[in-house]
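If you want the building blocks of each chain, they are given just below.
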Amino acid sequence: MKNINRLLIISLIIFLSSITNIYGETKDNKDIHNILLINSYDIDNKWENSINDGFKESMKNNPNINIKTEYLDIRNNNNEKYLRDFEKLLNTKYRDSNFDMVVTIDDEAFNLARKGLLNKNSIFYKKIIVTTGVSELISLTSEEKEYITGFMDGRSKIELIKLITRLQPQVKTINVLIDDTNYCKDIKDKLLGNRYLLDDHINLNFIEAKYENEILEKIEDMDENNEALLICGVFKDKNTYDYANSEEFISKIKKIKHIPIYTSREDYIGKGVIGGYIDMGSEYGKSLGKMVLKIYKEEGISSVPFINRVGANYMVDYNQIYKYDINPSDLPEETIIINKKPYDLLITKNERIQVYLIIIVLLITMLYIITMMFKHRKNNIKNKKLYNIAKEREQLKTDFIVNMSHELRTPLNIISSASTLLEMKVNKNEKVEKEYILDKVERINKNSNRLRRLINNLIDITKFDSGFYECRCKNENIVYVVEDIVFASVDYANEKDIEVLFDTDAEEIITSIDKEKIERVILNILSNAIKFTNENGKIEVRIKHDDKFVYISLKDNGIGIPKEKVDQIFHRFYQVDSILSRKNEGSGIGLCIVDEIIKMHNGKVEIDSEENKGTTFEIILNLSNDDRIDDDTDNKTDRNINDAVKIEMANI
Ligand code: ADP
């Protein structure tokens, strides 16, 4: 029924084409050539179509060549009657056409044209036949040779079998999957004919089928460890009667068995097969085109004899050769490798692992070297910093020694010269004024106090360092403590005409402190304020408090401290002015002791200073009532506050 429909359609086309000429107007021009191209298969057959495409592409620069294509569709209609009917239809359709050449693709089309070559009633009568895919086993009569040329189909699949056994020596049985076409039959004949070229232990097993499920059933019984597949045919889906999708077909096979798969057909390459010896359809078509043009140019086929098929190549899929552990160095040199990225290496799986390991080791080494370099740099920076700190310390030490000698020598000189003067007077029995003696004694006392202050400070610093300095806290009214010190110091400030103001937001603020230590702190800051404030200056001492803290601020409008030096004044032995240029005495220890004492009280000292404007120190202490010692073990001292002030103010 299907065939009858087909015949009806073809008859209609023939009728229409007999009204007009099948190639359009008859052209007398002898440069116009008409070619009838007959494909053995149907329009969906990929490989033959790629020949068609290659052939037409090589013809595209020759507008004087017309090509008419017919599809024999032998896969669907492989029987004598159909072939006869098809021949009849062609004879009717092209009866009046003036094609001068028949190009046949594959055996069936060739056989059809050859049949009519010497038959006066055939449209093929004495037409030039250029054929492809014809078995090399055909023999032509001398008369036929005058009209027939083309490509012998080498189809040397035995080489492919040899390649399979070389790439995978464990393979002992190769299952060749063929369909019912002459192409496949020819492969079978050749392989059997050349069987003697293979090792005896290699077993060739031909599986002929029309539908893919017949093949899938057979695969279930195969041993994937020593069997391989060689797909030469195309197979149909039993449900749809369409050609099975090659990729799906391969994946179905793989789901059943991890068997190595090779092919002779271009359309399976890249779809999961390892590779094969592939007839490149388009390349083949191009060579065919070249041959046709040569025949037209040289007017005849005598100069264009049969040649062996071209355009076949070994092709493998890079991804698959690794999946099946194949050594790429076993591949023939001219092999085309698909799916290989430019940076992919052509080495075995083991070598690849080794390369990866080397790369990883190299990367780790590089990473190690880089981190070491960074570490080294970091160490260098750290060492440099340490070196600078050490250098600074060394400088401080030197400054300290120079400073100390000066600090010790000056009062000592004054003491000794005052006592020498007094001694001289006594020795000379001179009458000495009372004021004169008192002046010298005062000098001696004042400078003794300077020395005492210095030595006290040095002892305290040493105590801090050795951890022996301790605070003995007890609840005190801090307002009184500060007020007493301030009032005891007023006279010293007045000597420089410095006004001292005292202000507090409460008369009584009780907190736990070591009274003597806090007195020292206030005294030190106050003595600095007097020392670094010019005559007619002003010093303001204020006490404020809130729920948690008490704030004691000591503000002067003296010389101030340069911004860049403010942070350093709490450092031990630091003095803003160098020993050579400074106007005031000092050792640079006082503020360091202040800081340590306040820290021991869990408080802090803040400083705000501006050069030539003045300086403000603010002491912030916790408001706590937790006596840390009993009242009995009170830190009662029999020291007189005035003595303490005298000592502290001695170097003003
Ligand atoms: P010193 O015994 O030298 O006074 P300090 O540690 O008490 O040592 O002070 C360190 C330095 O801080 C002083 O030498 C001085 O340069 C600076 N300084 C301290 N208080 C003031 C202030 N009120 N005004 C200006 N400079 C000050």
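Residues numbered from 1 in each chain as written. Predicted model: local features only at pLDDT ≥ 70, side-chain atom pairs only at ≥ 80, totals over all residues. Heavy atoms only, no water.

Caption draft 1: Region of the structure containing the overall build of the protein chain. Assigned secondary structure in the protein chain consists of 18 helices and 20 strands. Expressed as a percentage of its 652 residues, the buried residues of the protein chain come to 45%. Long-range contacts, defined here as pairs at least 24 residues apart, represent 75% of the contacts in the protein chain between residues at least 6 apart. Within the structure as shown, the protein chain displays about 35300 Å² of accessible surface, and the carbon and sulfur contribution to it stands at 51%. (Helix = DSSP H or I, 4+ residues; strand = E, 2+ residues; numbered from the N terminus. Buried < 20%, exposed > 50% of the residue type's maximum accessible area, 1.4 Å probe, protein only. Contact = heavy atoms within 4.5 Å. Areas by Shrake-Rupley, 256 points an atom, 1.4 Å probe, with all protein chains shown as cover.)

Caption draft 2: Quick peek at a nonpolar patch on the surface. On the surface, Ile 353, Tyr 356, Leu 357, Ile 359, Ile 360, Leu 363, Ile 364, Met 366, Ile 370 and Phe 374 cluster together to form a nonpolar patch covering roughly 1000 Å² of accessible area. Along the chain, the position of Ile 359 falls in helix α12 (residues 349–427). (Patch = residues over 30% accessible without salt bridge, like charges linked within 9 Å, V, L, I, M, F, W, Y side chains within 5 Å. Salt bridge = Lys/Arg side-chain N within 4 Å of Asp/Glu carboxyl O.)

Caption draft 3: Seen up close, the site of the ligand. Taken together, 21 residues form the shell around the ligand, and within it Asn 528, Asp 556, Gln 575, Gly 588 and Leu 591 come nearest. Asn 528 places a polar side-chain atom, nitrogen or oxygen, 2.8 Å from an oxygen atom of the ligand. Contact between the ligand and Thr 615: a nitrogen atom at 3.5 Å from a side-chain N or O atom of the residue. About the coverage of the ligand: the protein hides 98% of its 530 Å² of free accessible area. (Near = heavy atom within 4 Å. Polar contact = N/O pair within 3.5 Å; in protein donor to acceptor, adjacent residues only side chain to side chain.)

Caption draft 4: Layout of unusual backbone geometry. In the Ramachandran plot, Tyr 241 falls in the positive-phi region, its phi being about 65 degrees despite a non-glycine side chain. What makes Tyr 241 exposed here is its relative accessible area of 53%. For Asn 536, which is not glycine, the phi dihedral falls at a positive 65 degrees. Looking at the secondary structure, you find Asn 536 in the loop between α15 (515–531) and β17 (538–545). Overall, Asn 536 belongs to the exposed group, its relative accessible area being 61%.

Caption draft 5: Representation of the sheet that holds strand β20 (residues 614–622) within the structure. The mixed open sheet is built from 5 strands, whose spatial order is β15-β17-β18-β20-β19. The two strands at the open ends of the sheet, each matched to only one other strand, are β15 (499–504) and β19 (604–610). Ignoring which end each strand starts from, the neighbouring axes of this sheet average 10 degrees apart. Relative to β20, strand β18 (residues 549–556) runs antiparallel, the two sharing 8 bridges. Within β20, the position partnered with Leu 554 by the bridge is Phe 617. The sheet strands contacting helix α14 (residues 478–495) are β15, β17, β18 and β20, and the helix crosses β15 at an angle near 170 degrees. Of the strands in this sheet, β19 and β20 touch helix α17 (residues 590–600), which is tilted by about 140 degrees from β19. (Pairing = 2+ DSSP bridges. Axes fitted to C-alpha atoms, helices over the stretch in contact; angles between N-to-C directions.)

Caption draft 6: Region of interest: helix α2 (residues 46–59). For α2, with 14 residues, the first-to-last C-alpha span of 20 Å sits near the 20 Å given by 1.5 Å per residue. For α2, the complete set of buried residues consists of Trp 47, Glu 48, Asn 49, Ser 50, Ile 51, Asn 52, Gly 54, Phe 55, Ser 58 and Met 59. (Expected span 1.5 Å × (residues − 1).)

Caption draft 7: Quick peek at the pairing of strand β2 (residues 65–71). Relative to β2, strand β1 (residues 33–39) is paired through 7 bridges, and the arrangement is parallel. If you follow Asn 39 over to β2, its bridge partner there is Tyr 71. Taking the sense of rotation as the criterion, the β-α-β connection linking β1, α2 and β2 turns out right-handed. (Right-handed = clockwise from strand over helix to strand, strands pointing away.)

Caption draft 8: The state of the cysteines, seen in detail. Counted under the stated rule, the structure contains 0 disulfides. Here Cys 232 is not cross-linked by a disulfide; its sulfur's nearest cysteine counterpart is in Cys 184, at 5.9 Å. Here Cys 471 stays free of any disulfide, with the sulfur of Cys 473 as its closest cysteine sulfur at 5.2 Å. (Disulfide = S-S within 2.5 Å.)

Caption draft 9: Layout of the packing of aromatic side chains. As enumerated under the stated definition, the model contains 13 aromatic pairs in all. Pairing Tyr 94 with Phe 99 gives two aromatic rings, centres 6.1 Å apart and planes at 90 degrees, and the pair type is edge-to-face. Judged on exposure class, the residue Tyr 94 and its partner Phe 99 are both buried. For the ring pair Tyr 211 and Tyr 241, a centre distance of 6.0 Å and an interplane angle of 80 degrees mean the geometry is edge-to-face. Linking Tyr 211 in the loop between β7 (203–208) and α8 (212–219) with Tyr 241 in the loop between β8 (227–231) and α9 (246–256), this pair joins segments that are 30 residues apart in sequence. (Phe/Tyr/Trp six-rings, centres within 6.5 Å; stacked < 30°, edge-to-face > 60°.)

Caption draft 10: The environment of Asp 179, seen in detail. Note that Asp 179 resides in the loop between β6 (173–178) and α7 (182–193). Residues Asp 179 and Phe 235 lie 56 residues apart in sequence; the distance between their C-alpha atoms is 6.9 Å. Residues contacting Asp 179, with those up to four places away along its chain left out, are Arg 75, Cys 184, Glu 208, Ala 209, Gly 233, Val 234 and Phe 235. A distance of 2.7 Å separates polar atoms of two side chains, one belonging to Asp 179 and the other to Thr 181.

Caption draft 11: Representation of the sheet that holds strand β12 (residues 312–317) within the structure. The strand order across the open sheet built from 7 strands is β7-β6-β8-β9-β10-β12-β13, with neighbouring strands paired in mixed fashion. With one partner strand each, in any of the chains shown, β7 and β13 (336–338) form the two edges of the open sheet. Between one strand and the next, the sheet's axes are offset by a mean angle of 25 degrees, whatever the strand orientation.

Caption draft 12: Spotlight on the nonpolar core. Ranked by size, the top nonpolar core spans 55 residues in total, and within it Phe 124, Ile 174 and Val 176 carry the most contacts. Ranked by residue count, the leading element in this core is helix α6 (residues 157–167), at 6 residues. Setting aside residues no more than four positions away along its own chain, Ile 174 makes contact with Ile 161, Ile 164, Thr 165, Ile 202, Asn 203, Leu 204, Asn 205, Ala 228 and Leu 230. Counting residues in each nonpolar core, the second largest holds 52 residues, with Ile 461, Ile 543, Val 566 and Ile 598 among its members. (Core = buried A, V, L, I, M, F, W, Y, C linked by side-chain atoms within 4.5 Å.)

Caption draft 13: Spotlight on the side chain of Thr 615. By the secondary structure assignment, Thr 615 is in strand β20. A residue is classified by how much of its surface remains accessible, and Thr 615, at 5% relative accessible area, is buried. One polar contact links Thr 615 to Ser 609, side chain to side chain, over a distance of 2.9 Å. Residue contacts for Thr 615: discarding those within four places in its chain leaves Leu 554, Lys 555, Asp 556, Gly 560, Ile 561, Ile 607, Asp 608 and Ser 609.

Caption draft 14: Just the packing of α15 against helix α18 (residues 641–649), in detail. It is at 10 Å that the axes of α15 and α18 come closest, and there the two elements cross at 40 degrees. The orientation of α15 with respect to α18, classified from their angle, is oblique. When you trace α15 past α18, the crossing you get is right-handed. Residue-level contacts link Glu 519, Leu 523, Asn 524, Ser 527 and Ile 530 of α15 to Ile 641, Ala 644, Val 645, Glu 648 and Met 649 of α18. (Parallel < 35°, antiparallel > 145°, perpendicular 65-115°, else oblique. Left-handed = near helix turned anticlockwise from the far one by under 90°.)

Caption draft 15: Quick peek at the pattern of salt bridges. Applying the stated criterion across every chain, the model contains 21 salt bridges. A salt bridge links Glu 87 to Lys 115, with the shortest nitrogen-to-oxygen separation between them at 3.3 Å. Note that Glu 87 is positioned in helix α3 (residues 80–93) and Lys 115 in helix α4 (residues 107–116), a separation of 28 residues in sequence. For Lys 115, a relative accessible area of 53% gives the class exposed. When the shortest N-O distance is used, the salt bridge between Asp 439 and Arg 443 registers 3.5 Å. Of this pair, Asp 439 and Arg 443 both sit in helix α13 (residues 434–466), 4 residues apart, which is roughly one turn of the helix. By relative accessible area, which is 42% here, Arg 443 ends up partly exposed. By sharing partners, the salt bridges in this structure join Asp 439, Lys 440 and Arg 443 into a single network.

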